[in-house]
Amino acid sequence: MSVSRVSAKSSATLRSKSQSKAKSKVAAAGKKRAKVPLDEMFARFAEHNPNPRCELYYTTDFQLLLSVMLSAQTTDKSVNAAVTAAYDAGLDPKGVIKLGAEGMLKLIRRIGLAPTKAKRAVAIAQQLLEKYDGKVPSQREALEALPGVGRKTANVVLAEIFGEPTLAVDTHVFRVTQRLGLHNEKTPDACEQRLMAQIDKKYLPRAHHWFILLGRYTCKAIKPLCDQCFLADVCPSAFTVSK
Ligand code: SF4
């Protein structure tokens, strides 16, 4: 082995030793903390992404409602791929009724639970036209009374369209906030209650997007990228989750 190869190997070993030392230090620091100091955490989220946005594509309130319903148990990316052209062409409640369940199914056939969602889309469009002149209502009860619209969908719509301080708990929010030590609940509803009791309203609804984006791109379900996470030095779970 040449001298330069030996020295490159030694520096790589040293680098890897110092990286794992740093990880252990961060992990040890994390273990000592019960949970992340919230103001510090949100200051970092804000610095990292001051204006977090919903990743679903939409051009009208109705399209957002439709896409949030369609995104259940599937990715925003696949919903966007299915609906963008139709949305750009102006898909509205009347258009959905014109397409019917069959036409909607053709449009969204690549996303999960497509047959059920296609029927729900038509039912939502019908109810909006019958009761609200085709507009999306701003009251939680009215939203949750729509077919296929539960608390999570209503929270997203209330936050995104009406700017209400809600926090929709999806799989990313549930996992990320648990790892951050903000709850140890078993259900999304209980998790939402715990989070709402702790988080200052001034951080809502941005906190919803921050948690989702962190979960989607960094704090992944399997092998979270703690070495790339801006919360690693304050997170109680940093470098402790392997799968
Ligand atoms: S990626 Fe790691 S450090 Fe960041 S929040 Fe998730 S578990 Fe904590």
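For clarity, every value in this text was computed on a predicted model and none was experimentally measured.

Asks: Got a minute to help me understand the overall build of the protein chain in this structure?
Replies: Scanning the protein chain from terminus to terminus reveals eleven helices and zero strands. Counting helices and strands in the order they occur from the N terminus, the protein chain gives α-α-α-α-α-α-α-α-α-α-α. For the protein chain, the residues scored as buried account for 34% of the 243 residues in total. Residue pairs in contact within the protein chain that sit at least 24 positions apart in sequence constitute 63% of those at least 6 positions apart.

Asks: Looking at this structure, I do not really get unusual backbone geometry. What am I missing?
Replies: Most peptide bonds take the trans form, and the phi angle of most residues other than glycine is negative. Of note, the bond from Leu-204 into Pro-205 is cis; its omega dihedral lies within 30 degrees of zero at 0°. Note on placement: Pro-205 falls in the loop between helix 10 (188-198) and helix 11 (206-217). Its identity is not glycine, yet Asp-133 carries a phi of approximately 55°, on the positive side. One can find Asp-133 in the loop between helix 6 (114-132) and helix 7 (140-144). If you check the backbone angles, Lys-223 has positive phi at about 50° while not being a glycine. Of note, Lys-223 is situated in the segment after helix 11.

Asks: What am I meant to see in the site of the ligand here?
Replies: Around the ligand sit 15 residues in total, of which Cys-219, Cys-226, Cys-229, Cys-235 and Ala-238 are the nearest. For the shell around the ligand, the per-class residue count stands at twelve nonpolar, two polar and one charged.

Asks: Could you clarify how one ought to interpret helix 8 (residues 151-162) in this entry?
Replies: Given 3.6 residues to a turn, an α-helix orients residues that are three or four positions apart in the same direction. Its twelve residues give helix 8 an end-to-end C-alpha distance of 15 Å, which sits within 8% of 16 Å, the value for a rise of 1.5 Å per residue. Helix 8 sits mainly inside the fold: nine of its twelve residues count as buried. Taken together, the buried positions of helix 8 are Lys-152, Thr-153, Ala-154, Asn-155, Val-156, Val-157, Leu-158, Ala-159 and Glu-160. The inward-facing, buried residues of helix 8 contact helix 3 (61-70), helix 7, helix 10 and helix 11. Gly-163 occupies a position one or two residues after helix 8 and carries a positive phi of about 65°.

Asks: Honestly, the environment of Pro-37 in this entry has me stumped. Any pointers?
Replies: Checked against the element boundaries, Pro-37 lands in the loop between helix 1 (3-32) and helix 2 (38-48). Among the residues examined, Pro-37 registers 10 C-beta atoms within 10 Å and is labelled exposed.

Asks: Is there a simple way to think about the nonpolar core in this case?
Replies: Generally speaking, nonpolar side chains in soluble globular proteins are found buried as a group. Leu-65, Ala-121, Ile-124, Val-157 and Cys-235 are the most contacted members of the largest nonpolar core, which has 60 residues in total. Dropping the residues within four chain positions of it, Ile-124 is found in contact with Leu-65, Leu-66, Met-69, Leu-146, Pro-147 and Gly-148.

Asks: I'm lost on the packing of helix 9 (residues 171-179) against helix 11 in this one. Help?
Replies: When two helices pack together, you describe them by how their axes are tilted relative to each other and by the distance separating the axes. Interaxial distance between helix 9 and helix 11 falls to 8 Å at its minimum, and their mutual angle equals 85°. Considering their axes alone, helix 9 and helix 11 lie roughly perpendicular with respect to each other. In this structure, helix 9 uses His-172, Val-173, Arg-175, Val-176 and Thr-177 to contact helix 11, whose residues at the interface are His-208, Phe-211, Ile-212, Leu-214, Gly-215 and Arg-216.

Asks: What is the right way to read the environment of Ile-124 from this model?
Replies: Checked against the element boundaries, Ile-124 lands in helix 6. Sequence separation between Ile-124 and Gly-148 is 24 residues, and the spatial gap between their C-alpha atoms is 8.1 Å.

Asks: Can you walk me through the packing of helix 3 against helix 6 in this structure?
Replies: Running from N to C, helix 3 and helix 6 cross one another at 150°; their axes reach a closest spacing of 10 Å. Between helix 3 and helix 6, the crossing angle belongs to the class labelled roughly antiparallel. The element helix 3 and its partner helix 6 pack so that their crossing is right-handed. The segment helix 3 lies against helix 6, with Phe-62, Leu-65, Leu-66, Met-69 and Leu-70 engaging Lys-117, Arg-120, Ala-121, Ile-124 and Leu-128. Partitioning the contact of helix 3 with helix 6 into residue classes produces eight nonpolar, no polar and two charged.

Asks: I would appreciate a short explanation of the environment of Ile-161 in the present structure.
Replies: Mapped onto the elements, Ile-161 comes out in helix 8. Ignoring sequence-local partners within four residues, the contact set of Ile-161 consists of Asp-61, Leu-64 and Val-136.

Thresholds, definitions, all that
Along each chain, the written sequence defines residue order, and numbers are assigned to residues from 1. Selection of residues for local features in this predicted model requires a pLDDT of at least 70, selection of side-chain atom pairs for listing and counting requires 80 or more, and totals for whole chains, interfaces and linings are taken over all residues. Secondary structure is summarised from DSSP: a helix means a run of H or I of at least four residues, a strand means a run of E of at least two, and numbering begins at the N terminus for each. Each residue is classified by how many other C-beta atoms fall within 10 Å of its C-beta atom, where C-beta atoms are placed from the backbone; a count of 20 or more means buried, 12 or fewer means exposed, and values in between mean partly exposed. Any two residues are considered in contact once their C-beta atoms, placed from the backbone, lie within 7 Å. Any residue qualifies as near a molecule or strand once its backbone-derived C-beta atom lies within 6 Å of it. Residues were grouped as follows: Ala, Val, Leu, Ile, Met, Phe, Trp, Tyr, Cys and Pro as nonpolar; Asp, Glu, Lys and Arg as charged; and all remaining residues, including Gly, as polar. An expected span of 1.5 Å times one less than the residue number is assigned to each helix. The term nonpolar core refers to a set of buried Ala, Val, Leu, Ile, Met, Phe, Trp, Tyr and Cys residues connected through C-beta atoms within 7 Å. All axes are obtained by fitting lines to C-alpha atoms, using only the stretch in contact for helices, and the reported angles, taken between N-to-C directions, cover 0 to 180 degrees. Any angle from 65 to 115 degrees is called roughly perpendicular, while one under 35 is roughly parallel, one over 145 is roughly antiparallel, and all others are oblique. If you view the pair so one helix is near and one far, a crossing is left-handed when the near helix is turned anticlockwise from the far one by less than a right angle, and right-handed when it is turned clockwise.

So far we have only geometry, and geometry alone does not tell us how the molecule works.
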